[in-house]
Amino acid sequence: EIETSTVCNWNCQYCPHTYHKRQRKYQSLELFKEIIRKASEYGHIRYVSLHGYNEPTIDPHFIDRISIIAAYNLKLALFTNGSGLTKPVLEFLAKSRIVKTIYFNLPSADRNTFILRTGYHHPESILHHIQSHHFHSGDERGAACRSICH
């Protein structure tokens, strides 16, 4: 599990990020590459999990981080609210062939409850990203991957 930033674009009622404000920081690519290299050299680590009390897909270095993970032949378990999974990002993830599982934070299917719990006012875009992931994950452009909504 690697927390690559302290930044999140939601304010979920149940997340420490909402109540414990930290300075907005992103882990350097140099440190990230060192961590991934060491994990790869260890020999028993097969998956890297990007999450913590943040949103990894809005990191300006997210694509670079995926490329680094792929270069070391590790798989990815991604914990996300889905807000940064744009079509180009989803296509890049599919082509990288490293994604094992994407865990989507979907606290409610009811629009008003969703907004109340997350502070995010566009739940329909998240549902679209989840549906887009299902379209891209198992086709000829990328490896099969599963999605879990929680």
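Residues numbered from 1 in each chain as written. Predicted model: local features only at pLDDT ≥ 70, side-chain atom pairs only at ≥ 80, totals over all residues. Heavy atoms only, no water.

Enquirer: Even after reading the chapter, I still don't get the nonpolar core, so can you show me in this structure?
Expert: Across soluble globular proteins, nonpolar side chains show a tendency to be buried alongside one another. Core analysis: the biggest nonpolar cluster contains 29 residues, and I36, L50, I69, L76, L78 and L93 have the highest contact counts within it. Secondary-structure elements contributing two or more residues to this core are α2 (29–42), β1 (47–50), α3 (62–71), β2 (75–80), α4 (87–96), β3 (99–104) and α6 (123–137). Examining the composition of this core, we find that four residues originate from one element, α3, more than from any other. Residues in contact with L50, not counting those within four places in the same chain, are I2, T4, F32, P56, F62, I66, I69, L76, A77, L78 and F79. (Core = buried A, V, L, I, M, F, W, Y, C linked by side-chain atoms within 4.5 Å. Buried < 20%, exposed > 50% of the residue type's maximum accessible area, 1.4 Å probe, protein only. Helix = DSSP H or I, 4+ residues; strand = E, 2+ residues; numbered from the N terminus. Contact = heavy atoms within 4.5 Å.)

Enquirer: Is there a simple way to think about the side chain of D59 in this case?
Expert: Relative to the helices and strands, D59 is located in the loop between β1 and α3. Setting aside anything within four residues of it in sequence, one finds D59 in contact with T4, Y26 and R65.

Enquirer: Help me understand the pairing of β1, please; the structure alone is not making it clear to me.
Expert: Looking along a regular strand, one sees the side chains alternate between the two faces of the sheet. Bridge count between β1 and β2: four bridges; the pairing is parallel. Across the sheet, V48 pairs through a bridge with L76, a residue of β2. In this fold, β1 hands off to α3, which returns the chain to β2; that crossover is right-handed. (Pairing = 2+ DSSP bridges. Right-handed = clockwise from strand over helix to strand, strands pointing away.)

Enquirer: Help me understand helix α5 (residues 111–118) in this model?
Expert: The α-helix advances 3.6 residues per turn, and as a result positions three or four apart in sequence lie on the same side. Those residues of α5 that fall on the buried side of the exposure criterion are F114, I115 and T118. All buried residues of α5 fall inside an arc of 95° around its axis, so they share one side. Relative to its buried face, α5 has exposed residues pointing more than 90 degrees away, namely N112 and L116. Backbone geometry just after α5 places G119 at a positive phi near 75°. (Arc of directions from axis to C-beta.)

Enquirer: Mind showing me how you'd approach α3 here?
Expert: What α3 keeps buried is the set F62, R65, I66, I68 and I69. Buried residues of α3, viewed axially, fall in a sector of 160°; they line one side.

Enquirer: When you look at the packing of α2 against α3 in this model, what are you seeing that I'm missing?
Expert: Between two packed helices, both the angle of their axes relative to each other and the distance between the axes serve to describe the pair. With their axes 10 Å apart at the nearest point, α2 and α3 run at an angle of 25° to one another. When the axes of α2 and α3 are compared, the pair comes out roughly parallel. In the crossing of α2 with α3, the sense of the turn from one axis to the other is right-handed. Facing α2, whose interface residues are L29, F32, K33 and I36, α3 presents D64, R65, I68 and I69. Taken together, the residues of the contact of α2 with α3 break down into five nonpolar, no polar and three charged. (Axes fitted to C-alpha atoms, helices over the stretch in contact; angles between N-to-C directions. Parallel < 35°, antiparallel > 145°, perpendicular 65-115°, else oblique. Left-handed = near helix turned anticlockwise from the far one by under 90°. Nonpolar A, V, L, I, M, F, W, Y, C, P; charged D, E, K, R; others polar.)

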